[in-house]
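Observations on the model geometry
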Amino acid sequence: IFERSVEMELNLKDIVSLLLSKLFVIILVVLLCAGVGCAYTYFAVDPTYAAYTKLVVRNKDGVATGVTSSDIAASQSLVNTCMDILTTEDFLDHVSAKLESKYTGVTNAYIKKHMTRKHVTDTEIFVVQITTTDPKLSYDIANAISDLAPDLIPKTITVGELRLIDRARVPETSSWPIARNTVLGGLAGAVIAIAIIIIKDMLDTTIRTKKDLEDKFEDIPVIGTIPGIKQR
């Protein structure tokens with residue numbers, strides 16, 4: 001066990017030494033791949049804009065008699081149902097119809113693709129996020145949903161009510177993954193460079209030093225070495 005641990009330690013030292021000797025190459029590949037990730041994001045990926053709207057679900061049974069813990073639990077159980085209804089074709093038909101006078105190509109599939117729904121933990125509130133490359137379009141879709149949902153969803157589930165608590169606003173800042181993709185490109189470059197260097201070294205059977213001979217033929221002693229002769 002001791003010999004095996006010593007051998008593993010020596011191998012690790014050899015790998016570290018090898019990588020340090022190729023540090024310039026590794027840094028060069030990292031910078032190259034990071035540049036590729038940055039350039040790809042800059043030229044091929046459009047910044048996106050997210051608009052948010054918040055709605056709250058209420059259990060009708062608790063409206064007149066006061067809100068109890070069971071009413072809150074019932075309301076929370078309806079949140080997932082309401083969020084699922086937002087992606088039904090019937091509901092999306094109303095949303096796309098409301099937007100067709102302003103936009104073309106805003107289909108049910110488009111709205112569903114750019115919609116994210118999130119239940120706020122331990123509340124009866126859920127958030128609808130619309131993310132597109134056009135801030136005004138994100139705003140309009142989000143508010144079309146918030147305008148239609150409080151009227152259409154209670155009619156579908158026949159229990160409870162849905163109230164709008166926060167309308168969407170036109171997003172002023174964008175989300176652009178240029179920094180993330182640059183870092184990921186650099187990390188990918190480091191992994192690729194290190195893997196190629198280690199594999200290339202493992203496949204290289206060239207004998208260059210006395211130590212290489214001793215490592216390869218442990219049971220055969222090296223009697224002597226012939227120094228290199230430089231030609232004049």
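Scroll up a little and you will see the structure.
Below is a short write-up of the structure. (Residues numbered from 1 in each chain as written. Predicted model: local features only at pLDDT ≥ 70, side-chain atom pairs only at ≥ 80, totals over all residues. Heavy atoms only, no water.)

A sheet is described by the order of its strands in space; here 4 strands give the open sequence β2-β3-β1-β4, paired in antiparallel fashion. Each having just a single partner strand, β2 (115–119) and β4 (161–166) make up the two edges of the open sheet. On average, each strand axis in the sheet is tilted by 30° relative to the strand beside it, whichever way the strands run. As judged from the 5 bridges shared by strand β1 (residues 49–58) and β4, these two strands associate in the antiparallel manner. Following the sheet pairing, Arg58 is matched in β4 by Glu161. Against the sheet, helix α7 (residues 135–157) engages β1, β2, β3 (125–132) and β4, with an angle of about 15° to β1. (Pairing = 2+ DSSP bridges. Helix = DSSP H or I, 4+ residues; strand = E, 2+ residues; numbered from the N terminus. Axes fitted to C-alpha atoms, helices over the stretch in contact; angles between N-to-C directions. Contact = heavy atoms within 4.5 Å.)

What follows concerns helix α8 (residues 178–203). With 26 residues, α8 should reach 38 Å at 1.5 Å per residue; the first-to-last C-alpha distance of 37 Å fits that figure. Every buried residue belonging to α8 is among Asn181, Gly185, Gly186, Gly189, Ala190, Ala193 and Ile197, and all of these are buried. (Expected span 1.5 Å × (residues − 1). Buried < 20%, exposed > 50% of the residue type's maximum accessible area, 1.4 Å probe, protein only.)

To continue, consider the pattern of salt bridges. A complete count under the given rule lists 8 salt bridges for this structure. Note that Lys112 and Glu89 form a salt bridge whose closest N and O atoms lie 3.5 Å from each other. Separated by 23 residues along the polypeptide, Lys112 in helix α6 (residues 108–113) and Glu89 in helix α5 (residues 89–99) bring together distant segments of the chain. Residue Glu89 is classed as partly exposed on the basis of its relative accessible area of 44%. The partner of Arg167 in a salt bridge is Asp147, and the shortest N-O contact between them spans 2.6 Å. Here Asp147 lies in helix α7 and Arg167 lies in the loop between β4 and α8, a separation of 20 residues in the sequence. The exposure class assigned to Asp147 is partly exposed, which follows from its relative accessible area of 36%. Via salt bridges that share partners, Lys102, Lys136 and Asp140 belong to a single interconnected network. (Salt bridge = Lys/Arg side-chain N within 4 Å of Asp/Glu carboxyl O.)

The next thing to look at is the environment of Phe126. Mapped onto the fold, Phe126 is located in strand β3. Its relative accessible area of 0% is what places Phe126 among the buried residues. Linking Phe126 and Val56, residues 70 residues apart in sequence, is a C-alpha distance of 6.4 Å. In contact with Phe126, not counting residues within four places along its chain, are Thr53, Lys54, Leu55, Val57, Val79, Cys82, Met83, Leu86, Lys118, His119, Val120 and Leu162.

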